[in-house]
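Survey of secondary and tertiary structure
Here is what each chain is made of, one letter per residue.
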Amino acid sequence: MIDFPMNPELFGASGIPPILIILWIVVEIIWLASVVRVANKATKEPLDRVVWLMVILFLNIMGTILYWLFAQCRETSQKAARVANADAERERAIKERANRGAL
């Protein structure tokens, strides 16, 4: 087995490279932000919130990734649909006024 000497300049006193410690701190902050976001978010179905909290808490970083991929994508598509419906309603109202000669 090859014995690699530990360079004290690259590794901290714990023997863990500082970049890994920084990465771990960033990941934990993102995880905690996800938990807070899900817990504080108002949803139509309260069970959605409970399920996402369980996924994030039990799967840790994988649960966080799943939440940001799937829950956020669904919210974005719902917002886009609301904007499209509002645009269509506005256009319909303009056409209706034009047909009545109100423009």
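You'll find the structure just up there.
This report concerns the structure included in the present document. (Residues numbered from 1 in each chain as written. Predicted model: local features only at pLDDT ≥ 70, side-chain atom pairs only at ≥ 80, totals over all residues. Heavy atoms only, no water.)

By the definition in use, this model includes 2 aromatic pairs. Measuring from ring centre to ring centre gives 5.4 Å for Trp 52 and Tyr 67, while their planes differ by 75°; the resulting arrangement is edge-to-face. Of this pair, Trp 52 sits in helix H2 (residues 46-59) while Tyr 67 sits in helix H3 (residues 61-100), placing them 15 residues apart in sequence. Between Tyr 67 and Trp 68 the ring centres are 5.5 Å apart and the planes differ by 75°, which places this aromatic pair in the edge-to-face class. By relative accessible area, which is 36% here, Trp 68 ends up partly exposed. (Phe/Tyr/Trp six-rings, centres within 6.5 Å; stacked < 30°, edge-to-face > 60°. Helix = DSSP H or I, 4+ residues; strand = E, 2+ residues; numbered from the N terminus. Buried < 20%, exposed > 50% of the residue type's maximum accessible area, 1.4 Å probe, protein only.)

What follows deals with the side chain of Ser 34. Along the polypeptide, Ser 34 turns up in helix H1 (residues 18-40). Accessibility expressed as a relative area gives 0% for Ser 34, which makes it buried. If we skip the residues at most four places from it in the chain, Ser 34 touches Ile 56, Thr 64 and Trp 68. (Contact = heavy atoms within 4.5 Å.)

This part takes up a nonpolar patch on the surface. Judged by side-chain polarity, Leu 47, Val 50, Val 51, Met 54, Leu 57, Phe 58, Leu 59, Ile 61, Met 62, Ile 65, Leu 69 and Phe 70 come together as a nonpolar surface patch covering roughly 1200 Å² of accessible area. Where the nonpolar patch is concerned, the elements lending two or more residues are H2 and H3. It is H2 that provides the largest number of residues to the nonpolar patch, a total of 7 residues. Within the secondary structure, Met 62 is located in helix H3. (Patch = residues over 30% accessible without salt bridge, like charges linked within 9 Å, V, L, I, M, F, W, Y side chains within 5 Å. Areas by Shrake-Rupley, 256 points an atom, 1.4 Å probe, with all protein chains shown as cover. Salt bridge = Lys/Arg side-chain N within 4 Å of Asp/Glu carboxyl O.)

Right, let's talk about the nonpolar core for a bit. Trp 31, Val 35, Val 38, Trp 52, Ile 56, Tyr 67 and Ala 71 form the largest nonpolar core, which has 7 residues in total. Contributions of two or more residues to this core are made by H1, H2 and H3. In terms of residue count, H1 provides more of this core than any other element does, 3 residues in total. Ignoring any residue separated from it by four or fewer positions in sequence, one finds Trp 31 in contact with Ile 56, Leu 57, Asn 60, Ile 61 and Thr 64. (Core = buried A, V, L, I, M, F, W, Y, C linked by side-chain atoms within 4.5 Å.)

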